[in-house]
Amino acid sequence: ISRTSVGTIYMGMEHGDFDVCNVFKNNEGDLFVADFEHAESLALPFFDLGNIIFSTLVNVWRKSDQSQSLEDYSKQIGMTKFLLKWVRHYSKLSGTSLSLLNYLPGLAVIGQNAKQFPDSRNKSDYPMYGSDVFKQMIRWELGIK
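The structure presented is a predicted model; accordingly, all values stated were derived computationally and were not measured.

Each value, and the rule that gives it
- Residues numbered from 1 in each chain as written.
- Predicted model: local features only at pLDDT ≥ 70, side-chain atom pairs only at ≥ 80, totals over all residues.
- Heavy atoms only, no water.
- Axes fitted to C-alpha atoms, helices over the stretch in contact; angles between N-to-C directions.
- Helix = DSSP H or I, 4+ residues; strand = E, 2+ residues; numbered from the N terminus.
- Parallel < 35°, antiparallel > 145°, perpendicular 65-115°, else oblique.
- Contact = heavy atoms within 4.5 Å.
- Nonpolar A, V, L, I, M, F, W, Y, C, P; charged D, E, K, R; others polar.
- Expected span 1.5 Å × (residues − 1).
- Buried < 20%, exposed > 50% of the residue type's maximum accessible area, 1.4 Å probe, protein only.
- Arc of directions from axis to C-beta.
- Phe/Tyr/Trp six-rings, centres within 6.5 Å; stacked < 30°, edge-to-face > 60°.
- Lys NZ or Arg CZ within 6 Å of the ring centre and 35° of its normal.
- Core = buried A, V, L, I, M, F, W, Y, C linked by side-chain atoms within 4.5 Å.

Where helix α1 (residues 46-63) contacts helix α5 (residues 104-114), the axes come no closer than 8 Å and their chain directions differ by 105°. With respect to α5, the element α1 is oriented roughly perpendicular. Mapping the contact onto sequence places F46, F47, L49, G50, I53 and F54 in α1 and L104, P105, L107, A108, G111 and Q112 in α5. A breakdown of the residues in the contact of α1 with α5 according to their chemical character gives 9 nonpolar, 3 polar and no charged.

See the structure below:
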C-alpha cells in the first residue's frame, strides 16, 4: 500500500496484456482472464485499467482521419461518457481517488510505453504504444467530478 496526498492506492497483480481478447466467459456465465505472459506480481492498477478501457478507442481513432485529438474524438463518438462512468465505478470499488484517476490516460500510456517486451513481441501491436498515442494521452485529463 502506498500512501500519497490523494489517498491510498492498492497495488496488486498486473495482467500486462489485459485486453478484451483475453477475457472469456465459462459455461456458467462467469468471466475469467487468460494469457498471463506479461504479468507482474505487484504493480499499480493504472496500466491494466487503462488498457481495457482505452485500447478499443485508440484503435478506432487510429483508423479515423485523426483530424481531432483522441480526447475530442472520444467526446464526438460518445465514448467519453462511458469512460467516465467506468472510472467512477472503479473509484467506488477500489477507493482510488477520482482526483488521481483524472490522469488515468497519461498513467496508462506511460505504463504501456515503459514496458519491456521480449524480442518475440512487436510493441506496436499494442494500441497504447507509440508516440502518436503517447502525445494524445499524456495531456488528457478526464475531468471527473
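This part is about the packing of α1 against helix α3 (residues 80-94). Orientation of α1 relative to α3, taken along the N-to-C sense of each, is 175°, at an axis distance of 11 Å. Relative to α3, the element α1 lies roughly antiparallel. Where α1 abuts α3, its residues L49, I53, F54 and L57 lie against L83, W86, V87 and Y90. For the contact of α1 with α3, the per-class residue count stands at 8 nonpolar, no polar and no charged.

On to α3, then. For α3, built from 15 residues, the straight-helix expectation of 21 Å at 1.5 Å per residue is met to within 8% by its first-to-last C-alpha distance of 21 Å. Along α3, the residues classified as buried are T80, L83, L84, V87, S91 and S94. The buried residues of α3 occupy one face: seen down the axis, they fall within an arc of 110°. Opposite its buried face, α3 presents the exposed residues K81, K85, K92 and L93, each directed more than 90 degrees away. Phi turns positive one or two residues past the end of α3, at G95, with a value near 80°.

Now for the packing of aromatic side chains. Enumeration according to the criterion identifies 3 aromatic pairs in this entry. Ring centres of F82 and W86 lie 6.1 Å apart, and the angle between their planes is 35°; on these two criteria the pair is classed as tilted. One end of the pair is F82 and the other is W86, both in helix α3 and 4 residues apart, which spans about a single turn. Across the ring face of F47, the terminal group of K115 is positioned such that the distance to the ring centre comes to 4.8 Å.

Looking now at the environment of F82. Residue F82 is classed as partly exposed on the basis of its relative accessible area, which comes to 38%. For F82 and I53, which are 29 residues apart along the polypeptide, the C-alpha to C-alpha distance reads 9.2 Å.

The subject of this paragraph is unusual backbone geometry. Within the chain, Q66 stands out as a residue other than glycine whose phi angle is a positive 55°. Inspection of the secondary structure puts Q66 in the loop between α1 and α2 (70-76).

Attention now goes to the nonpolar core. Counting 26 residues, the largest nonpolar core has F54, L57, L104, M137 and L142 as the members making the most contacts within it. Counting residues per element, the ones that place at least two in this core are α1, α2, α3, α4 (98-101), α5 and α6 (131-137). With 8 residues, α1 is the largest single contributor of residues to this core. Here L142 is in contact with F54, L84, V87, L101, N102, L104 and P105, once residues within four sequence places are set aside.

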